[in-house]
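What the coordinates show
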Amino acid sequence: AVMKAAALGFLDSGSDALLVSGGLAGADPHYAQWQFRNDILEYIDAFAYHTHTTVNSSSTTNAHPDFSSQLEAAEPYGGVAKGAWVTESGIALGSDDPTRLPTSNQETLQARYIVSPAAQSLAEGTTKQFFFIAAPYREGANYWSMYRSADEPMAALAAQAIMTQQLGEGEY
């Protein structure tokens, strides 16, 4: 009800910006199903979900988490006609020492991970894909950022820039 009321208020403002739901986190579709059963898709232009992972054991074999359950949950309620946005995709670069910055192997892992889930996600039906956070950001022992400091980018930033340039507007 809160999301519907907010959407109606926003629409009444005269703005032409797209309305996107808050990001659904986790592969379990139950919360998403409740939203969709309550006709939230009639009030928004796109629904969002998050595809983080904390598995960072290998820079060559990391698979994108399977979030097809979120897309499938929306289908019976007209979800195919709506945008499906990954508003947070990322990989936690973990450490035993929460003060230590990511290693060069972890930076390589993150750079590769930015490209592979974007390609997989778009191929599976996502209409927009966004990386979690660029600015330096740490949660406990996990480092999520594409920057070591405010003015020191990591390899992931270059990977995302090149991927974005190659994909362009993403209309094929």
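Quick look at the structure, then. (Residues numbered from 1 in each chain as written. Predicted model: local features only at pLDDT ≥ 70, side-chain atom pairs only at ≥ 80, totals over all residues. Heavy atoms only, no water.)

Right, let's talk about unusual backbone geometry for a bit. Backbone geometry places D39, a non-glycine residue, at a positive phi of 60°. Along the chain, D39 turns up in the loop between α2 (30-37) and β2 (46-53). (Helix = DSSP H or I, 4+ residues; strand = E, 2+ residues; numbered from the N terminus.)

Another point: the pattern of salt bridges. Here the structure, examined in full by the defined rule, presents 1 salt bridge. One salt bridge connects E107 with R148, and the closest N-O pair in it is separated by 2.6 Å. Note that E107 is positioned in helix α4 (residues 104-123) and R148 in strand β8 (residues 147-149), a separation of 41 residues in sequence. The class for E107 is buried, based on a relative accessible area of 12%. (Salt bridge = Lys/Arg side-chain N within 4 Å of Asp/Glu carboxyl O. Buried < 20%, exposed > 50% of the residue type's maximum accessible area, 1.4 Å probe, protein only.)

A few words on the packing of aromatic side chains. Two measures describe an aromatic ring pair: the distance that separates the ring centres and the angle between the ring planes. The final tally for this structure, using the stated rule, is 5 aromatic pairs. Their ring planes at 25° and their centres at 6.4 Å tell us that F47 and Y49 sit as a pair that is stacked. Taken as a pair, F47 and Y49 share a single burial class, namely buried. Residues W85 and F130 carry aromatic rings whose centres are separated by 5.8 Å and whose planes lie at 50° to one another, so their mutual orientation is tilted. Placement of the pair is W85 in strand β3 (residues 83-91) and F130 in strand β5 (residues 128-131), with a sequence separation of 45 residues. Look at F130 and you get partly exposed, because its relative accessible area is 37%. (Phe/Tyr/Trp six-rings, centres within 6.5 Å; stacked < 30°, edge-to-face > 60°.)

Our next topic: the sheet that holds β5. Strand order in the open sheet made by the 4 strands is β1-β2-β3-β5, with parallel pairing throughout. Looking at strand neighbours, the two that pair on one side only are β1 (24-25) and β5, the edges of this open sheet. Pairing analysis gives 2 bridges linking β1 to β2, with the strands arranged parallel. Within the sheet, the bridge partner assigned to A25 lies in β2 and is H50. (Pairing = 2+ DSSP bridges.)

So, on to the sheet that holds strand β6 (residues 138-139). Strands belonging to one sheet form pairs held by backbone hydrogen bonds; the direction of such a pair is parallel or antiparallel. Spatially, the 3 strands line up as an open sheet ordered β4-β7-β6, and their pairing is antiparallel. Every interior strand has two partners, whereas the edge strands, β4 (93-94) and β6, have only one. The pairing of β6 with strand β7 (residues 142-143) spans 2 bridges and is antiparallel. Its bridge partner being in β7, E139 is matched across the sheet by N142.

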